[in-house]
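Remarks on the overall topology
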Amino acid sequence: MKVAVLLGGTSSERPVSLISGKAAIEALREKGHDVTPIDVGPDIATTIASLKAAAPDVVFNALHGPRGEDGAIQGVLEWLGLPYTHSGIRASAVAMDKGATRILLAAAGLPVAQGRVVTVEDLAEADPLPAPYVIKPVAEGSSVGVEIVRTGDNRRTEIARTWRFGKEALVESFIPGRELTAGVMGDRALAVTDILPSETAAFYDFEAKYKAGGSRHVVPAKLPQAVTDRALDYALRAHQTLGCQGASRTDFRYDEDTDTLVILEVNTQPGMTPTSLLPEQAAYCGISYPELCDWMVREALAR
């Protein structure tokens, strides 16, 4: 099968995408596919020309962040008539918009933290929620730009003054406890991972996710079976509610003291480095990294 792998991109997550893409290229070649890497830059015409020249049967989308997982590149691929991995335009756009995701998940009866989207001006004027609360960009991934405002913290006005992620921000109540995640392949929830940031990390931020030694993953998470089952059920329902396709990953916070499990976000383009969370869960389920990449392109083509 002829496969074009899109990697790189122009978002803040470009370095992660390059690692994901290069690993996927090696894995797909190992499975016997004819692979053409395409490093996506700011000139979309160049990307289109590269895709036309490659004439692939299917496209493996290894892009992350804005323009890679928000429906933009998906629209280009639809226009070119090329099958591609992961979710389509609508699910990609909705999942990238954390405010829209919250609305849809809550409407489906899925648990989300108390919160709302606010303007940067409103954030500068007053606390939008009782502390502690979390401030997030509405449309970024990999915990880029995430800030936690704790009781007695005086950083709110400075955060608002230096905000560089648009005119709005999502604020949510901070849920203490554990960081969990569950991956989905098609109609199957894989496993639950307990993510343990290093002692020097304030939370599971960008460095904790991608820096060597930044975090430790425990799969399967050591949880009561009822909590594991609930997380797997929520992940599959979130995948279906947003209309995701292929693979996705849903992130949670779990407070053991109150047995509170809430969805933080749904990732339509989960990290695909060999040690990323989704590949780890697939491996736990007996699916090797090359098999996972092969499944992704075959599932996309079958659609």
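See the structure above.
Quick look at the structure, then. (Residues numbered from 1 in each chain as written. Predicted model: local features only at pLDDT ≥ 70, side-chain atom pairs only at ≥ 80, totals over all residues. Heavy atoms only, no water.)

Our next topic: the overall build of the protein. From N to C terminus, the protein includes 11 helices and 12 strands. Relative to a compact globule of 303 residues, whose C-alpha radius of gyration would be 19 Å, the protein shows 19 Å and is just as compact. Along the three orthogonal principal directions, the C-alpha set of the protein runs to about 55 × 45 × 40 Å. Expressed as a percentage of the 303 residues in the protein, the buried residues total 54%. (Helix = DSSP H or I, 4+ residues; strand = E, 2+ residues; numbered from the N terminus. Rg over C-alpha atoms; globule rule 2.2 N^0.38 Å. Buried < 20%, exposed > 50% of the residue type's maximum accessible area, 1.4 Å probe, protein only.)

This part takes up the packing of aromatic side chains. Within this structure, the stated rule accounts for one aromatic pair. Judged by centre distance (5.1 Å) and plane angle (75°), the ring pair of Trp-163 and Phe-165 falls under edge-to-face. The pair formed by Trp-163 and Phe-165 is uniform in burial state, with each residue classed as buried. We note Arg-150 situated over the ring of Phe-174; from NZ or CZ to the ring centre the distance is 5.1 Å. (Phe/Tyr/Trp six-rings, centres within 6.5 Å; stacked < 30°, edge-to-face > 60°. Lys NZ or Arg CZ within 6 Å of the ring centre and 35° of its normal.)

With that out of the way, let us pick up the sheet that holds strand β12 (residues 260–267). Taking strand neighbours across the sheet as the criterion, the five strands line up as β10-β9-β8-β11-β12 in an open arrangement whose pairing is antiparallel. Single-partner strands in this sheet number two, and they are β10 (215–218) and β12. Strand-to-strand twist in this sheet, taken as the mean axis angle between neighbours without regard to direction, amounts to 30°. Each of β8 (178–185), β9 (188–197), β10 and β11 (247–255) touches helix α10 (residues 277–284); the most contacted strand, β9, lies at about 125° to it. (Pairing = 2+ DSSP bridges. Axes fitted to C-alpha atoms, helices over the stretch in contact; angles between N-to-C directions. Contact = heavy atoms within 4.5 Å.)

Between two packed helices, the angle of one axis relative to the other and the distance separating the axes together describe the packing. At their nearest, the axes of helix α2 (residues 44–54) and helix α3 (residues 72–80) sit 12 Å apart, and the two run at 40° to each other. Between α2 and α3, the interaxial angle falls into the category oblique. Viewed along their axes, α2 and α3 form a crossing whose handedness is right-handed. Here Ile-44, Ile-48, Leu-51 and Lys-52 of α2 come into contact with α3, specifically with Ile-73, Val-76, Leu-77, Trp-79 and Leu-80. Of the residues assigned to the contact of α2 with α3, the class counts are eight nonpolar, no polar and one charged. (Parallel < 35°, antiparallel > 145°, perpendicular 65-115°, else oblique. Left-handed = near helix turned anticlockwise from the far one by under 90°. Nonpolar A, V, L, I, M, F, W, Y, C, P; charged D, E, K, R; others polar.)

The next subject is unusual backbone geometry. A cis amide bond links Ala-131 with the next residue in sequence, Pro-132, at an omega value of 0°. Tracing the chain through its elements places Pro-132 in the loop between α6 (120–125) and β5 (133–136). A cis amide bond links Val-219 with the next residue in sequence, Pro-220, at an omega value of 0°. Mapped onto the secondary structure, Pro-220 falls in the loop between β10 and α9 (225–241). Within the chain, Ala-55 stands out as a residue other than glycine whose phi angle is a positive 45°. Following the sequence through the fold, Ala-55 ends up in the loop between α2 and β3 (58–61). Looking at Ala-55, the relative accessible area reads 42%, which means it is partly exposed. Despite not being glycine, Arg-67 shows a phi value in the positive range, around 75°. Its place among the elements puts Arg-67 in the loop between β3 and α3. Accessibility expressed as a relative area gives 55% for Arg-67, which makes it exposed.

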